[in-house]
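Topology and contacts: notes
As a plain string of letters, each chain reads:
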Amino acid sequence: MNLQNKTALITGITGQDGAYLAKLLLDKGYEVFGLHARRATDTLWRLRHLGVESSVKLLDGDLTDLSSLIRAMEKSQASEVYNLGAQSFVGTSWEQPILTTQVTGVGTLNVLEAIRIVNPKARFYQASTSEMFGLIQESMQSETTPFYPRSPYGVAKLYGHWMTVNYRESFGLHASSGILFNHESPLRGIEFVTRKVTDAVARIKQGKQKELRLGNIDAKRDWGFAGDYVEAMWLMLQQDKADDYVIATGLTTTVRDMCTIAFAHVGLKHEDYVVIDPLFYRPAEVEVLLGNPAKAKAKLGWVAKTDLATLITGMVDADMVRVNKE
């Protein structure tokens, strides 16, 4: 397959997944464009961290503005479009449900419409999420497990997911969804629990913080490495036929056990520093998520390469360096 003349457009390019995906595609010889919503704060640090900031072409645009998405499609002439942009923090979605719906849900529809208008032959990837399973209907969740989202974020993502299926079936778009379970890295936002933990471990170890306040530490999640998961996104768009895939490790771990790994890495016990704070309990909790990646392995040849201990200790090491520089 000749990748030299392939062009990709990534929404959410400044996020964790967007940065890793941009690097992956650049390494494969793609020309990479990224949709860049203007913000007052520096959002390009992840691209800089991976050394790709100067190699991607940023286009002004926003998922809530269809006209900007049409222009981005016209300017990029993208043959592959990866929709990773979203209001993706679950906790915030209860406080800003309308914004979450507009950006995460209707934003997906806007991207699909822009593709249909400008280049219906472009291949589309939708970042779906395990949060769509919510109140789980099966102990291990696969592509056929019924959805039961438990947050405005999960509901908005489910809208985007079904719109992707609908455009595939109605208009013949090569549109695939990756139902990704939790995936982390040193580039994860500080508001997400894994990064909140590893950052706190670094600060506590270096005497800059005394405790870590968390909510439900008995919640179980299937955690993988974001750098592994973006490869699955790319593989989906290389298939002859578009489809939906669960991307996961097939293992689930409690927040408590994840804390144990992180604190033990620097010679500490999590019991001495973790404080349970009811403020961090969610209005509707998702207790367990466990993905079945069998279809991705069989059809894409994809398997998660990074185990949880390697992932978390690597995040702690990165935060130790980062906190030390502050």
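All of these numbers come straight from a predicted model, not from anything done at the bench.

As a further point, take unusual backbone geometry. A positive phi angle, near 50°, is found at glutamine 77, a position not held by glycine. Examined against the element boundaries, glutamine 77 turns out to sit in the loop between α3 (66-76) and β4 (80-83). Residue classification places glutamine 77 among the exposed positions, given a relative accessible area of 57%.

On to the nonpolar core, then. Formed by 60 residues in total, the largest nonpolar core has its most connected members in Ile10, Leu21, Leu25, Val32, Tyr82, Tyr125 and Ile247. Of the residues forming this core, the biggest block, nine residues, is contributed by helix α8 (residues 226-237). When sequence neighbours within four positions are dropped, the list of residues in contact with tyrosine 125 reads Val81, Tyr82, Asn83, Leu84, Ser176, Ser177, Gly178, Leu180, Met233, Met236 and Leu237. Judged by nonpolar contacts, the second largest core, of 23 residues, contains Leu9, Leu35, Leu59 and Val103.

This paragraph deals with the packing of aromatic side chains. For the structure on display, the rule yields eight aromatic pairs. Pairing tyrosine 167 with phenylalanine 171 gives two aromatic rings, centres 4.9 Å apart and planes at 65°, and the pair type is edge-to-face. On the criterion of helical spacing, the pair formed by tyrosine 167 and phenylalanine 171 is a turn pair, its members being four residues apart in helix α6 (residues 152-171). A relative accessible area of 6% means that tyrosine 167 is categorised as buried. Residue class for phenylalanine 171 comes out partly exposed when judged on its relative accessible area of 40%.

How each quantity is defined
- Residues numbered from 1 in each chain as written.
- Predicted model: local features only at pLDDT ≥ 70, side-chain atom pairs only at ≥ 80, totals over all residues.
- Heavy atoms only, no water.
- Helix = DSSP H or I, 4+ residues; strand = E, 2+ residues; numbered from the N terminus.
- Buried < 20%, exposed > 50% of the residue type's maximum accessible area, 1.4 Å probe, protein only.
- Core = buried A, V, L, I, M, F, W, Y, C linked by side-chain atoms within 4.5 Å.
- Contact = heavy atoms within 4.5 Å.
- Phe/Tyr/Trp six-rings, centres within 6.5 Å; stacked < 30°, edge-to-face > 60°.

In short, the description is geometric, and any link to function would need to be established separately.
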